[in-house]
Structures are given as C-alpha cells and as structure tokens.
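# Per-entry structural report
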Amino acid sequence: MEPDLLGCENAVWDDGEWVSWQSINSHLARLELEAQYPKANVELVPIFEEMVNLAHGYNLMTGRHLSIYGDIGELFGAIHFGIELHKNYAMGSDGRMGNDFVEIKTITPFKNSHNVTVRLDRHFNKLLVVRIDESFSVSGLLVARSKLPKVKSSVLTIGWDSISKLVD
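Everything quoted here is computed from the prediction, not taken from an experiment. (Residues numbered from 1 in each chain as written. Predicted model: local features only at pLDDT ≥ 70, side-chain atom pairs only at ≥ 80, totals over all residues. Heavy atoms only, no water.)

### Here's the deal with the layout of surface pockets
Here is the rule: Lining residues are those with an atom within 4 Å of a point, where the points come from a 1 Å grid over the protein atoms alone and group into cavities, where a 1.4 Å probe fits but cannot get out, or pockets, open sets with protein on both sides within 12 Å along at least five of seven lines. Grid points are joined across faces, edges and corners, and a volume is the space filled by probe spheres set on the points. For the purposes of this entry, the term helix denotes a DSSP run of H or I that reaches at least four residues, the term strand denotes a run of E that reaches at least two, and both are numbered from the N terminus. Side-chain classes follow a simple rule in which Ala, Val, Leu, Ile, Met, Phe, Trp, Tyr, Cys and Pro form the nonpolar group, Asp, Glu, Lys and Arg form the charged group, and the remainder, Gly included, forms the polar group.
As a volume, the largest pocket reaches approximately 350 Å³. Taken together, 16 residues line the largest pocket, and the ones lying closest to its centre are Glu74, Asn88, Tyr89, Ala90 and Asp94. Those elements that provide at least two residues to the lining of the largest pocket are α3 (69–81) and β5 (100–107). Among the residues forming the lining of the largest pocket, the class breakdown is 4 nonpolar, 5 polar and 7 charged.

### Notes on the environment of Ser164
Inclusion rule: Here a polar contact means two N or O atoms within 3.5 Å. Within protein one must be a hydrogen donor candidate and the other an acceptor candidate, and residues neighboring in sequence count only if both atoms are side-chain atoms.
When you line up the elements, Ser164 lands in helix α4 (residues 160–164). Counting along the chain gives 35 residues from Ser164 to Val129, while the straight-line C-alpha distance between them is 9.6 Å. Here Asp161 takes part through its backbone oxygen, which lies 2.7 Å from a polar atom of the side chain of Ser164.

### A closer look at the side chain of Ser93
Spelled out, the test is: The criterion used for residue contact is that any of the two residues' heavy atoms lie within 4.5 Å.
Relative to the helices and strands, Ser93 is located in the loop between β3 (84–85) and β4 (95–97). Those residues in contact with Ser93, other than ones at most four positions away along the chain, are His86, Phe101, Val102, Glu103, His123 and Phe124.

### Re the nonpolar core
As a reminder, the rule being used: Note on terminology: a nonpolar core comprises buried Ala, Val, Leu, Ile, Met, Phe, Trp, Tyr and Cys residues joined through side-chain atoms within 4.5 Å. Whether a residue is buried, partly exposed or exposed follows from its accessible area with a 1.4 Å probe, protein chains only, as a fraction of its type maximum: under 20%, in between, or over 50%, in that order.
Counting residues in each nonpolar core, the largest one holds 23 residues, and the members touching the most others are Phe48, Ile72, Phe81, Ile83, Val102 and Leu128. Ranked by residues supplied to this core, first place goes to α3 with 6 residues. Those residues in contact with Phe81, other than ones at most four positions away along the chain, are Lys39, Phe76, Met97, Leu128, Gly140 and Leu142.

### Here's the deal with the sheet that holds β4
Note the cut-off: When DSSP locates at least two bridges between a pair of strands, those strands are taken to pair. All axes here are fitted lines through C-alpha atoms, helices being fitted over the stretch that makes contact, and every angle between N-to-C directions spans 0 to 180 degrees.
As summarised here, the arrangement of the 5 strands in space is β3-β4-β5-β7-β8, forming an open sheet in which the pairing is mixed. Two strands in the sheet have a free side with no partner beyond their single neighbour: β3 and β8 (138–144). Summarising the sheet, β3 and β4 pair through 2 bridges and their orientation is antiparallel. Considered in β4, the bridge of Leu85 is made with Gly95. Sheet contacts for α3: β3, β4, β5, β7 (126–132) and β8; angle to β7, the most-contacted strand, approximately 120 degrees.

### Examining the pattern of salt bridges
Rules: Salt bridges, as used here, are contacts in which a Lys or Arg side-chain nitrogen is within 4 Å of a carboxyl oxygen on Asp or Glu.
The full count for this structure, using the stated rule, is 4 salt bridges. Lys105 is the salt-bridge partner of Glu103, the closest N and O atoms lying 3.7 Å from each other. Put simply, Arg122 and Glu103 hold a salt bridge, and the shortest N to O gap is 3.8 Å. In this pair, Arg122 sits in the loop between β6 (115–119) and β7 while Glu103 sits in strand β5, placing the two residues 19 residues apart along the sequence.

### Side note on the pairing of β8
Here β7 runs beside β8; their pairing, made up of 7 bridges, is antiparallel. Of the residues in β8, the one forming a bridge with Leu127 is Val143. Adjacent in sequence and paired antiparallel, β7 and β8 are bridged by 5 residues, among which Phe136 carries a positive phi angle near 65 degrees.

### What about the packing of aromatic side chains?
Where we set the bar: Only Phe, Tyr and Trp rings are paired, with Trp represented by its six-membered ring, and only when their centres lie within 6.5 Å; those with planes under 30 degrees apart are stacked, over 60 edge-to-face, the remainder tilted. The rule for a charge over a ring is simple: NZ of Lys or CZ of Arg within 6 Å of the ring centre, and within 35 degrees of the ring normal.
With the rule as written, the count across this model stands at 4 aromatic pairs. Here Phe48 and Phe76 contribute two aromatic rings whose centre-to-centre distance is 6.2 Å and whose plane-to-plane angle is 50 degrees, an arrangement assigned as tilted. Note that Phe48 is positioned in helix α2 (residues 44–62) and Phe76 in helix α3, a separation of 28 residues in sequence. A single burial state applies to Phe48 and to Phe76, both of which are buried. By the ring-pair criterion, three or more aromatic residues cluster together here, those being Phe48, Phe76 and Phe81. The ring of Phe124 is capped by Arg145, whose NZ or CZ atom sits 4.3 Å from the centre of that ring.

Dropping the structure here:
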C-alpha cells in the first residue's frame, strides 16, 4: 500500500509510522497458523489447503480424481508432524523427522479398501499413513516400524483400523 494512502480509516499510527490493518491482520493470521501447526513451515499450510480444495472441487465438477493425493499426504506429514520431505523420487523414504526416516502412504478418497501396501525393503523407522476420506477430510496415523506386524515377505498390506491400534 502506498504510504500516502494510509490513514486512520485503513491503518493505525504506531511508533511514528502508519501500519496498515492488512499488515496487522496478516501477522495475526500467521501467529494463529504457527499456534495451530507448531511443527510446520506455515507457508505450506495455504498450499496444502488449496490442493485439498482443488482435488475436491475437481471431483465435484467432473466425478474424476486428480493425481495429487500422494503430494497432499506428504504435505500433511510436513505440516502436522514436522517431517522434512526429501527431494522427489528419493529412494528409501519420503522424509525425515529428527533422526527417523519416514515412509508416507496415502489412502485416497476413491479407494474401496482402507489398506496401504508398504515395501519393507525400504529404509524407514516410522510409517505415516494419511487418509483422505470421501468428504476430503485429511487425517494421519504415525507408527514406529518396530510396531508393524512381522511378515515373511518384503511387502506388508495393512488397514487403517489395524494401524490405529498400533499408535501410541
């Protein structure tokens, strides 16, 4: 906003200068996001919300789905759990949380079952399963790899309900 356009109707005088209400409101909105998502890079929150809204709107309009659910799941992990995401297509895991490597699997809203398939030959200590339900609400469960059921093969298929029983 131009300095000469600021005045008592759209700004407040503070410490010898005009401060716009827009500036104050954006600062307060950022503080609210930081309080709501203490582990997040809060600049990711609007992007995440836009992606969910875009996927939902596209589905409502066309009855089809966009191929962005995996990215939504990864952003959810970054925002809600503070996971630092690896570069795209990194082998072994999707991100890091402290000293732990995290594999992220997303259950999409059009999937008939609420199962995920996890490759156990990958390098990860924690598994985050993100579920996007039919109403496009997003939730996640984080579980230590050591709590996953033991299987003889290198692939584990496990359901949302089973994972929820393994979470601390």
